[in-house]
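Understanding the architecture of this molecule
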Amino acid sequence: MNTQKLVEFAQSLVQRPSLSCQEGAVSRRVEEEMFALGFDEVTVDENGSVVGVVQGREPGKTLLFDAHTDTVDVTGGVPWARDPFSGVVEDGVIHGRGSADMKGALAAMIHSVAGVDRSRLKGRVVVSASTMEEVLEGVALNTVMKAYPPDFVVIGEATELNLARGGRGRAEIHLKTVGVPTHSSAPHLGRNAVLDMATVIRAVEDIPLQEDPLMGPAILALTEISSAPFPANSVIPSICRTTYDRRLLPGETAEQVLAEISTLPQVEGLRLETQIGLGNYTAYTGNALRKEKFFPA
């Protein structure tokens, strides 16, 4: 394996922005690299995931490597010390959005699998460069797995080079408090939905979460908050919405993770609505996907 070419390929992936549903430039670069490295089969599915196959001399099992091509956005607040799309190498490290999550892993998988000795391989090795993982975790990968049913799957998420034998799931939880609008000069005549949500947030922070000996602790993190009407213009807000990212342990259900919030004694008497988020996304290929945002461990 040519390490320099591997690093340059990883840099080229980082240098191409690829938000969820906008991974086309990276997918095309991956497809180009797979062809250049001599994969036996290279395809692009309806979700825009690029799949490369190395076929052994004899039949056998299928080993699937997966790494997603999309990244989260570059957000404000803390300034970047470097251009987030430079892909610059300093002190032996590639810097830039997606270098760890997970374009570096993708580049390593593609170059490593391309070097497999087919004469000694029984079965096949498949590399999936899947799309939209950041918004619909595992959905695009599932499409790949249906086309290339695997016996084993290796996912390239960063683990500090440790072997993780599983992964927590994820749920997107939406909460809404409903108040009573009134003019802000007489707030006592209404009910402020934001203040009610503040009560909910404080209560949620104290929910005891379980821990799994293999997966680690469950997590419940507040990621968004908004109110309506906005701008308020002298009106007490009658709606407040929050979004929570809930990291799931094996066996947890949507009903359980919602109930641990809706049954809190602190929220009794509040008009609180809880639900799992629904994702509607269109891949860069034009394929539309709609799915509840509950992805089990």
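Report on the accompanying structure.

What counts as what
Residues numbered from 1 in each chain as written. Predicted model: local features only at pLDDT ≥ 70, side-chain atom pairs only at ≥ 80, totals over all residues. Heavy atoms only, no water. Axes fitted to C-alpha atoms, helices over the stretch in contact; angles between N-to-C directions. Helix = DSSP H or I, 4+ residues; strand = E, 2+ residues; numbered from the N terminus. Parallel < 35°, antiparallel > 145°, perpendicular 65-115°, else oblique. Left-handed = near helix turned anticlockwise from the far one by under 90°. Contact = heavy atoms within 4.5 Å. Nonpolar A, V, L, I, M, F, W, Y, C, P; charged D, E, K, R; others polar. Buried < 20%, exposed > 50% of the residue type's maximum accessible area, 1.4 Å probe, protein only. Pairing = 2+ DSSP bridges. Salt bridge = Lys/Arg side-chain N within 4 Å of Asp/Glu carboxyl O. Polar contact = N/O pair within 3.5 Å; in protein donor to acceptor, adjacent residues only side chain to side chain. Arc of directions from axis to C-beta.

The next point concerns the packing of helix α1 (residues 3-14) against helix α2 (residues 24-37). Helix packing geometry: the angle between the two helix axes and the distance between the axes. Running from N to C, α1 and α2 point in directions that differ by 160°, and their axes come no closer than 9 Å. On the basis of their axis angle, the class for α1 and α2 is roughly antiparallel. Crossing handedness for the pair α1 and α2: right-handed. Within the contact between the two elements, α1 uses F9, S12 and L13 and α2 uses V26, R29, V30 and E33. Class assignment for the residues of the contact of α1 with α2 results in four nonpolar, one polar and two charged.

Note that the residue after D101, namely M102, is joined by a cis bond; omega there is -5°. Position of M102 among the secondary structure elements: in helix α3 (residues 99-114). The omega angle of the peptide bond from A228 to P229 is 0°, so this bond is cis rather than trans. For P229, the position within the fold is in the loop between β11 (219-228) and β12 (239-248).

Next up on the list: the pairing of strand β6 (residues 122-130). Along any regular strand, the residues point their side chains to alternate faces of the sheet. Along β6, seven of the nine residues are buried, which leaves the element largely enclosed by surrounding structure. Bridge count between strand β2 (residues 50-55) and β6: six bridges; the pairing is antiparallel. Note on β6: the bridge partner recorded for V50 is A129.

In a structure, side chains of opposite charge can pair up when their charged atoms sit close to one another. One pass over the structure, following the stated rule, counts 11 salt bridges. One salt bridge in this structure joins R170 and E137, with 3.1 Å as the shortest N-O distance. One end of the pair, R170, is in strand β8 (residues 169-178); the other, E137, is in the loop between β6 and α4 (139-147), with 33 residues separating them in the sequence. When the shortest N-O distance is used, the salt bridge between D245 and R247 registers 2.8 Å. Taking the relative accessible area as the measure of exposure, D245 reaches 17% and is therefore buried. What you see here is one network of salt bridges that share partners, running through R29, E32 and E33.

A separate point is the side chain of D245. Locating D245 in the fold gives a position in strand β12. Among the polar contacts listed, one links the side chain of D245 to the side chain of R247, at a separation of 2.8 Å.

So, on to the environment of V50. Among the structural elements, V50 can be located in strand β2. Setting aside its immediate chain neighbours within four residues, V50 contacts S27, V30, E31, M34, V42, T43, V44, V127, S128 and A129.

Turning our attention to helix α6 (residues 254-262). Every α-helix winds through 3.6 residues per turn, so residues three or four apart in the chain are directed the same way. Taken as a whole, α6 has its buried residues at A254, V257, L258 and I261. Mapping the buried residues of α6 onto a view down its axis gives an arc of 95°, with all of them on the same face. Turning to α6, the residues buried within the fold contact β8, α5 (193-205), β12, β13 (272-276) and β16 (294-295).

This part takes up the environment of E292. Tracing the sequence through the fold places E292 in strand β15 (residues 288-292). The exposure class of E292 is partly exposed, given its relative accessible area of 43%. Sequence separation of E292 and M145 is 147 residues, and the distance between their C-alpha atoms is 20 Å.

These results come straight from atomic positions and should not be treated as a statement about function.
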